[in-house]
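# Tertiary structure, described
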Amino acid sequence: TRTPVNVTVTGAAGQIGYALLFRIASGHLLGADVPVRLRLLEIPQGLKAAEGTAMELDDCAFPLLQGIEITDDPNVGFDGANVALLVGARPRTKGMERGDLLEANGGIFKPQGKAINDHAADDIKVLVVGNPANTNALIAQAAAPDVPAERFTAMTRLDHNRALSQLAKKTGAQVSDIKKLTIWGNHSATQYPDIFHAEIAGKNAAEVVGDEQWLADDFIPTVAKRGAAIIEARGASSAASAANAAIDHVHTWVNGTAEGNWTSMGIPSDGSYGVPEGLISSFPVTTKNGTYEIVQGLDINEFSRARIDASVQELAEERDAVRALGLI
Ligand code: NDP
């Protein structure tokens, strides 16, 4: 039998946590034959609700679930962690300045990064979901100098999945027919969903669509503002699809991308495509055996260049702001 994988989830008692934990425990994160041990990290006010969720997890009698531990101490929560899903974050409240938001999140992600540095397993993989995800990942990474920098990633897979679905709707294709779509930049309103290299049943997606106006005025804003549209419609945020994307992100990272396809992940830049080294930006990546590589050599047209640059500029500003606050 296989050794269980330790999976730590922060913000475990939140909406995304509630949609995420059951799928981890049922084998969707790592594979149907991989036993897991869950660590739920919460703030003190969240502990009781996390205990309630743990009771429900018990009641599912998941054959793969080999234990649940609940704590408000990051040093305990990340002890021996192989996978960490950092979901809990300080939401932006009305009238809150960006600096205050970054500072509040620094107070969460800096100690978590340090605890990961000191206590996680050697093969730790970190996915940051809590917003602003890219910059929160940068803060955690900076606090974990002994962990290879590339183990800190941010989620843009929900944007990727939203873009796949919108493109399928527009062209009448199945999602499974679409390959090589890319989200570039920040997980924010400036993100750029790029279909110029995407393929629909083997044909170039931009040519199949043949409508740059639709790209600029419909597709890109629809993908970027989808979260707000769901809050408007549902009266609650897109927690289930966010949880699903977190599952997809880690599953692909661990199990690999299919031949002839790639995915989108927020990862530390190595300077590729003019993205300053060190920024945690979304790129097209292939994955294999638990490692990833940026897809190289793509031609970036003017339409794409301007949008990638704008999103990367925002990331650089967020980095400068957390640097000025002494968080990195
Ligand atoms: P959610 O579970 O709905 O969201 C958690 C985070 O995910 C937020 O930062 C949210 O960003 C982000 N997010 C990313 N993508 C999406 C998406 N598509 N839809 C919605 N959110 C998305 O928040 P809750 O308030 O329900 O729960 C948060 C939990 O975290 C609470 O239980 C709280 O106690 C806990 N917490 C734990 C911490 C810790 O473990 N140290 C620290 C802070 C909080 P956005 O703000 O942009 O919506």
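Note: the structure precedes this text.
Below is a summary of the structure that appears in this document. (Residues numbered from 1 in each chain as written. Predicted model: local features only at pLDDT ≥ 70, side-chain atom pairs only at ≥ 80, totals over all residues. Heavy atoms only, no water.)

## Structural notes on the nonpolar core
- By size, the foremost hydrophobic cluster in this structure holds 40 residues, and its most contacted members are L167, L181, I195, F219 and F283.
- Of all elements in the fold, only α6 (157-171), β8 (182-184), α7 (205-209), α8 (212-224), β12 (263-268), β13 (280-288), β14 (291-294) and α11 (302-324) reach the threshold of two or more residues within this core.
- Every residue in contact with F283, bar those within four places of it in the chain, is listed here: T182, I183, W184, T263, S264, M265, I267, S269, S272, Y273, V275 and I294.
- Of all hydrophobic cores here, the second largest spans 32 residues; its members include L57, L85, V87 and A245. (Core = buried A, V, L, I, M, F, W, Y, C linked by side-chain atoms within 4.5 Å. Buried < 20%, exposed > 50% of the residue type's maximum accessible area, 1.4 Å probe, protein only. Helix = DSSP H or I, 4+ residues; strand = E, 2+ residues; numbered from the N terminus. Contact = heavy atoms within 4.5 Å.)

## Description of the site of the ligand
- Q15, I16, E42, L158 and S238 are the nearest of the 23 residues found near the ligand.
- Between the ligand and L41 there is a distance of 3.4 Å, counted from an oxygen atom to a backbone nitrogen or oxygen.
- Coverage of the ligand by the protein amounts to 76% of the 910 Å² it exposes when considered alone.
- Secondary structure elements with two or more residues in the shell around the ligand: α1 (15-25), α4 (98-119) and α6.
- A class-by-class count of the residues in the shell around the ligand yields eleven nonpolar, ten polar and two charged. (Near = heavy atom within 4 Å. Polar contact = N/O pair within 3.5 Å; in protein donor to acceptor, adjacent residues only side chain to side chain. Areas by Shrake-Rupley, 256 points an atom, 1.4 Å probe, with all protein chains shown as cover. Nonpolar A, V, L, I, M, F, W, Y, C, P; charged D, E, K, R; others polar.)

## A word on the pairing of strand β3 (residues 65-71)
- Bridge analysis of strand β2 (residues 36-41) against β3 gives five bridges, and the strand direction is parallel. Looking across to β3, one finds that L40 is bridged to I70.
- For the crossover that starts at β2, traverses helix α2 (residues 47-60) and ends in the parallel β3, the hand is right-handed. (Pairing = 2+ DSSP bridges. Right-handed = clockwise from strand over helix to strand, strands pointing away.)

## Some words on the environment of I230
- Note on placement: I230 falls in helix α9 (residues 226-234).
- Filtering out sequence-adjacent residues up to four positions away, I230 remains in contact with R162, G235, A236, S237 and S238.

## A look at the packing of α6 against helix α10 (residues 239-255)
- Two numbers describe how α6 lies on α10: the axes approach to 8 Å, and their chain directions differ by 105°. In this view, α6 runs roughly perpendicular relative to α10, as classed from their interaxial angle. On α10, the residues that touch R157, L158 and N161 of α6 are S241, A242, N244, A245, D248, H249 and T252.
- A class-by-class count of the residues in the contact of α6 with α10 yields three nonpolar, five polar and two charged. (Axes fitted to C-alpha atoms, helices over the stretch in contact; angles between N-to-C directions. Parallel < 35°, antiparallel > 145°, perpendicular 65-115°, else oblique.)

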